[in-house]
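These are the residues of each chain, in order.
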Amino acid sequence: MASNLSKKDAPKNISNNFKTLGDDDFIVSKTDTSGKIIYCNEIFTKMAGYPASSLIGANHNLIRHPDMPRVAFKLAWDLIKSKKEFFGFVKNLSADGGYYWVFAYITADLDPSGNIISYTSVRRKPPQSAIDTIIPIYKLLLEAEQRGGMDASAKILNGFLDENKLGYDEFVINLQKGATI
Ligand SMILES: Cc1cc2nc3c(=O)[nH]c(=O)nc-3n(C[C@H](O)[C@H](O)[C@H](O)COP(=O)(O)O)c2cc1C
């Protein structure tokens, strides 16, 4: 069934209310190849603050938070469309205008011939140390995007990783394990 919700229905009253995932919680969703939600688990509906009936059929960008740099989603889509895994920290927007941080894993689902039929994402609670590290980095990326578009933010991200001699996956997985840079 198609959802009536789209990005224009997302809350405009962005606030500092936040929710935190439990240590054993997993948020799971699946999308079609265009990013429309085709499945979500109960924890997803609780954290996002919409009933499942409103989420199914909605574009996943309904819960995109304005603090998220676009380059993070570009990286995710480039990887998953080429059947590679994406790991990353995502600040999501709840229906009440608040937010919740997740460590997301997204991957393509393939049919027996290897064609992409859908995408699946599983998210866990990130440690506070990872959130504290990622907030100023995303802020820099967002500001760069506002000035010079995604080329500018990609340059900053790559420069930061080179400077710290880290691959992107290594950087985020280390943060999720509690490391600091
Ligand atoms: C399986 C899957 C899960 C996704 N989960 C999220 C999510 O939790 N939050 C989010 O903002 N975007 C998520 N995205 C990315 C969105 O599709 C979209 O690229 C992003 O929200 C930016 O949207 P926009 O470019 O229209 O602003 C997900 C994509 C896929 C394929």
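What counts, and where the lines are drawn
Residues numbered from 1 in each chain as written. Predicted model: local features only at pLDDT ≥ 70, side-chain atom pairs only at ≥ 80, totals over all residues. Heavy atoms only, no water. Phe/Tyr/Trp six-rings, centres within 6.5 Å; stacked < 30°, edge-to-face > 60°. Helix = DSSP H or I, 4+ residues; strand = E, 2+ residues; numbered from the N terminus. Buried < 20%, exposed > 50% of the residue type's maximum accessible area, 1.4 Å probe, protein only. Lys NZ or Arg CZ within 6 Å of the ring centre and 35° of its normal. Polar contact = N/O pair within 3.5 Å; in protein donor to acceptor, adjacent residues only side chain to side chain. Contact = heavy atoms within 4.5 Å. Expected span 1.5 Å × (residues − 1). Arc of directions from axis to C-beta. Pairing = 2+ DSSP bridges. Axes fitted to C-alpha atoms, helices over the stretch in contact; angles between N-to-C directions.

Peer 1: I keep staring at the packing of aromatic side chains and nothing clicks. Help me out?
Peer 2: In this description, an aromatic ring pair is defined by two values, namely the gap between the centres and the angle between the planes. Taken as a whole, this structure holds eight aromatic pairs when the rule is applied. Between Phe89 and Phe103, the ring centres sit 4.8 Å apart and the planes meet at 45°, which makes this aromatic pair tilted. With Phe89 in strand 3 (residues 86-93) and Phe103 in strand 4 (residues 99-110), this residue pair connects regions lying 14 residues apart in the sequence. On the basis of relative accessibility, which here comes to 1%, the residue Phe89 falls in the buried class. What makes Phe103 buried here is its relative accessible area of 10%. Measuring from centroid to centroid gives 5.2 Å for Phe160 and Phe171, while their planes differ by 65°, and the two rings are edge-to-face. One end of the pair, Phe160, is in helix 4 (residues 128-163); the other, Phe171, is in helix 5 (residues 168-176), with eleven residues separating them in the sequence. This pair shows no difference in class: Phe160 is buried, exactly as Phe171 is. Joined through ring pairs, the aromatic side chains of Phe87, Phe89, Phe103 and Tyr105 make up one cluster. Here the guanidinium or amino end of Lys91 rests over the ring plane of Tyr99, the centre of that ring lying 4.3 Å away. The ring of Phe26 has Arg124 sitting right over it, with the charged end atom 4.5 Å from the ring centre.

Peer 1: Any chance you could explain the side chain of Asp109 here in plain terms?
Peer 2: Structurally, Asp109 can be placed in strand 4. A distance of 2.9 Å separates the side chain of Asp109 from the side chain of Lys30, its partner in a polar contact. If we skip the residues at most four places from it in the chain, Asp109 touches Lys30, Asn115, Ile116, Ile117, Ser118, Tyr119 and Thr120.

Peer 1: Please clarify how helix 3 (residues 70-81) should be interpreted in this entry.
Peer 2: Residues three or four positions apart in an α-helix share a direction because the helix packs 3.6 residues into each turn. With twelve residues, helix 3 ought to run about 16 Å at 1.5 Å a step, and its terminal C-alpha atoms sit 17 Å apart, in line with that. Buried within helix 3 are the following residues: Val71, Ala72, Ala76, Leu79 and Ile80. For helix 3, the arc enclosing every buried residue in end-on projection is 160°, short of the 170-degree limit, so these residues lie on one face. Looking at the buried side of helix 3, the elements it contacts are strand 3, strand 4, strand 5 (116-124) and helix 4.

Peer 1: I keep staring at the sheet that holds strand 5 and nothing clicks. Help me out?
Peer 2: In a beta sheet, neighbouring strands are held together by backbone hydrogen bonds and run either parallel or antiparallel to one another. Taken in spatial order, the five strands make up an open sheet running 2-1-5-4-3, and their pairing is antiparallel. One side of each edge strand has no neighbouring strand; the edge strands of this open sheet are strand 2 (37-40) and strand 3. On average, each strand axis in the sheet is inclined to that of its neighbour by 30°, with strand direction left out of account. Contacts between helix 3 and the sheet are confined to strand 3, strand 4 and strand 5, with strand 3 contributing the most and set at about 135° to the helix. Its contacts with the sheet put helix 4 on strand 3 and strand 4, and the angle it makes with strand 4 is roughly 85°.

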